[in-house]
Amino acid sequence: MAEVKDQLEIKFRLNDGSDIGPKWFPDATTVATLKETVVAQWPKDKENGPKTVKDVKLISAGRILENNKTVGDCRSPVCNLPGAVTTMHVIIQHQVIEQEKKKKKPKGDVKKHNKCVCLCFGARC
């Protein structure tokens, strides 16, 4: 039972509601390794899958997880319940290539519009 205590069962929820996993990961596993697992196990029949780890963002308990954090760092008290499976949501954001950035933002045509509105409500004496 000590082996299970040092591990976390995780499933990865994709944007269409399907899952990858669940699978057991040791507490020392980094978020970057979890992302590698998502890229490697991404269903081949799904479009717009991640090409690299940089395309993947993992969200757990409402927080975007950082690559250098470990599974143990991301644990919540609910994870310690018997039979609990942690669901991490997968967001895919493809990295924009530098050439595409240049095409989308021509220097002369870009106009900046600063719109700021401040309202102050106060009681007058």
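Everything below is about the structure shown above.
This is a predicted model, so every value here is computed, not measured. (Residues numbered from 1 in each chain as written. Predicted model: local features only at pLDDT ≥ 70, side-chain atom pairs only at ≥ 80, totals over all residues. Heavy atoms only, no water.)

**As for the packing of aromatic side chains**
Next, step 1: Applying the stated rule across the entire model yields one aromatic pair.
Next, step 2: For the pair Phe12 and Phe25, a centre-to-centre distance of 6.0 Å together with 75 degrees between the ring planes defines the contact as edge-to-face. With Phe12 in strand 1 (residues 7-13) and Phe25 in strand 2 (residues 19-26), this pair connects stretches of sequence that are 13 residues apart.
Next, step 3: Classification of Phe25 by relative accessible area gives buried; the value is 5%. (Phe/Tyr/Trp six-rings, centres within 6.5 Å; stacked < 30°, edge-to-face > 60°. Helix = DSSP H or I, 4+ residues; strand = E, 2+ residues; numbered from the N terminus. Buried < 20%, exposed > 50% of the residue type's maximum accessible area, 1.4 Å probe, protein only.)

**Examining the sheet that holds strand 3 (residues 56-60)**
Next, step 1: Ordered by their spatial adjacency, five strands build an open sheet running 2-1-5-3-4, and the pairing between neighbours is mixed. With one partner strand each, in any of the chains shown, strand 2 and strand 4 (63-64) form the two edges of the open sheet.
Next, step 2: Where strand 3 meets strand 4, two bridges bridge the pair, whose relative direction is antiparallel. Counterpart to Ser60 in the pairing with strand 4 is Arg63. (Pairing = 2+ DSSP bridges.)

**What to know about the environment of Asn48**
Next, step 1: With respect to the helices and strands, the residue Asn48 is situated in the loop between helix 2 (31-41) and strand 3.
Next, step 2: In this structure Asn48 comes out as exposed when scored by relative accessible area, which is 59%.
Next, step 3: A sequence separation of 44 residues divides Asn48 from Ile92, and the C-alpha atoms of the two residues are 8.1 Å apart.
Next, step 4: The contact partners of Asn48, leaving out residues within four places of it in the chain, are Ile92 and His94. (Contact = heavy atoms within 4.5 Å.)

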